[in-house]
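Structural features, examined
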Amino acid sequence: MKMIIGPAAEGEFYFARPYLNERFWKKLKESHHLSIAAPRRVGKSSFMISLLKNDKEGYRCIYIITESINEPNEFFKKVYKTLLGTLNHGGKFKQFFEDVFKRLQITKISMTEIEFGRNEIDYYEEILLLCREVKESDERIVLMIDEFSQTLENIIMDQGREVARNFLHQCRELRQDLNVKSKISFVYTGSIGLENLVLSIDEPRSITDIGHFSIPPFSSKEANDLITQIVDGDPILFEKEERMYFLEKMNWLLPYFIQVMMGEIESICKEEENQKITRGIIDLAFERALGNRSYFEHWLTRLRSIFKGFDFSFAKEVLNKAAVNKGIDYFELEDTIVKFNINDAAPLVNILQHDGYFVKDEPNRIYRFNSPLLQAWWIRNVVI
Ligand SMILES: Nc1ncnc2c1ncn2[C@@H]1O[C@H](COP(=O)(O)OP(=O)(O)OP(=O)(O)O)[C@@H](O)[C@H]1O
Ligand SMILES: [Mg+2]
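The structure displayed is predicted, hence computed values, not measured ones. (Residues numbered from 1 in each chain as written. Chains lettered and ligands numbered in written order. Predicted model: local features only at pLDDT ≥ 70, side-chain atom pairs only at ≥ 80, totals over all residues. Heavy atoms only, no water.)

**A look at the site of ligand 1**
Near ligand 1 you find 22 residues, and of these Ile 4, Pro 7, Phe 15, Lys 44 and Ser 46 are the closest. In the model, an oxygen atom of ligand 1 is placed 2.8 Å from a nitrogen or oxygen of the Gly 6 main chain. Between an oxygen atom of ligand 1 and a side-chain N or O atom of Ser 45, the distance comes to 2.9 Å. Protein contacts shield 95% of the accessible area of ligand 1, which totals 630 Å² for the unbound molecule. Elements with a minimum of two residues in the shell around ligand 1: helix H2 (44–53) and helix H12 (255–272). Partitioning the shell around ligand 1 into residue classes produces 12 nonpolar, 6 polar and 4 charged. Two domains each donate at least three residues to the shell around ligand 1, and these are domain 1 (11–214) and domain 2 (220–294). (Near = heavy atom within 4 Å. Polar contact = N/O pair within 3.5 Å; in protein donor to acceptor, adjacent residues only side chain to side chain. Areas by Shrake-Rupley, 256 points an atom, 1.4 Å probe, with all protein chains shown as cover. Helix = DSSP H or I, 4+ residues; strand = E, 2+ residues; numbered from the N terminus. Nonpolar A, V, L, I, M, F, W, Y, C, P; charged D, E, K, R; others polar. Domains from an automatic or database assignment.)

As structure tokens, then:
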């Protein structure tokens, strides 16, 4: 079987969703800059990496990860280095680049690495200068910045809210600078929702110019096709009825959870020397997956880092109730808000929905877990 569990899915492991690519390019044309909003582990990084392979004509996609950056100038340095490494240093702009290299004392330059001899460079200003001077380019750069929201969170935690607010404004100014805008589209994503994070420091206006692109979980058909791609010529039998059972059991078709389950199914089939996937094997795979902390732990750790104090206690209790009782109804939610003295619960509930913990079930007037797998893990590992 062809599975990948954890890292971004690439090449033969990646299940392509061409309609999403089409939608992405359309949105990018309309909005110029985008933020990819999607629950955790839905395939944001995989999607962005897939765009590198099929650059649209007239566009050049570049992918960077800024997860460990916790300081604005470091962030702009990474962007600047990426642009320097991408732009053609010859031709009409040869002199400009030679001057830049001299002024910044660039000691080493290759496709992946640039070293600056000079200290205290204001990289934000350098980006503006670069985009102002290097005018002609056949291609637009689509700069995809993965874990941007983690960078913002790092800056909030390590440098404070004021620095973070200023950083957001600099990013906005960069996006709106005409010289930058004519060359670069910024695409941000991350496993924390950018909107919610920006709201948490009262700065929603700083991202109002960015369009939203969402990556939905898989449809039943896509999940079924992904299973076929995973099984790929293996003599294993996964018949229609059992597949239906599998999909119903998963309910929320996150590609990550499908891969996790297929991994468990494969090892059970090998142990039992069984070539046919049965309901019993699917149930056992579900149980075994629950025993693997690394598949789910980050849902809990992320909750800890997003929410502090009473907010964390509130979020945990709400999720605990939703897990144990197959959902938390609106009255119980209200009681929990009062119990923890939460002033404004809407953003917290929003985060839980956005990040894919639970979904609002309007007809039944409850919030319930998206994924029965995550729900079962939550009951065993978080609810005490
Ligand atoms: N298109 C896809 N085809 C096959 N598997 C996928 C696809 N997208 C996601 N996956 C599965 O989900 C896992 C996580 O994918 P990825 O890292 O792209 O998600 P993410 O949304 O970036 O996650 P995070 O929120 O943690 O950053 C992969 O290891 C793989 O198992
Ligand atoms: Mg990712």
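**Here we look at the layout of surface pockets**
Considering only enclosed or pocket space, the largest pocket measures out at about 670 Å³ in volume. Taken together, 34 residues make up the lining of the largest pocket; nearest its centre are Gly 6, Arg 41, Gly 43, Ser 45 and Ser 46. The set of elements that each furnish at least two residues to the lining of the largest pocket consists of H2, strand E2 (59–65), H12 and helix H14 (297–306). Top element by residues in the lining of the largest pocket is H2. It accounts for 4 residues. (1 Å grid on protein atoms, 1.4 Å probe; cavity = no way out; pocket = protein on both sides within 12 Å on 5 of 7 lines; lining within 4 Å. Points joined across faces, edges and corners; volume = space filled by probe spheres on them.)

**Notes on the sheet that holds E2**
What the 5 strands build is an open sheet, ordered E2-E5-E6-E1-E7; its pairing is parallel. Unpaired on one side and paired on the other, E2 and strand E7 (211–214) mark the two borders of the sheet. Adjacent strand axes in the sheet meet at a mean angle of 25°, parallel and antiparallel pairs treated alike. Taken together, the 5 bridges between strand E5 (residues 140–146) and strand E6 (residues 184–188) define a ladder with parallel strand orientation. Paired with Ile 145 across the bridge in E6 is Tyr 188. On the sheet, H2 packs against strand E1 (34–37), E2, E5, E6 and E7 and is oriented at approximately 140° with respect to E2. (Pairing = 2+ DSSP bridges. Axes fitted to C-alpha atoms, helices over the stretch in contact; angles between N-to-C directions. Contact = heavy atoms within 4.5 Å.)

**A short note on the nonpolar core**
One finds Phe 246, Met 262, Phe 314 and Trp 378 to be the most contacted residues of the largest nonpolar core, which totals 90 residues. Discounting chain neighbours no more than four positions away, the residues touching Met 262 are Met 1, Met 3, Ile 227, Ile 230, Val 231, Phe 238 and Phe 246. In terms of nonpolar packing, the next biggest core, distinct from the first, is built from 49 residues, Tyr 80, Cys 131, Phe 148 and Leu 174 among them. (Core = buried A, V, L, I, M, F, W, Y, C linked by side-chain atoms within 4.5 Å. Buried < 20%, exposed > 50% of the residue type's maximum accessible area, 1.4 Å probe, protein only.)

**A closer look at empty space enclosed by the protein**
Taken as a whole and assessed by the stated rule, the structure comprises 1 cavity of 30 Å³ or more. By volume, the largest cavity is sized at about 80 Å³. Lining the largest cavity are 13 residues, with Ile 36, Thr 189, Gly 190, Ile 192 and Leu 194 positioned closest to its centre. Only E1 and helix H9 (194–200) provide two or more residues apiece to the lining of the largest cavity.

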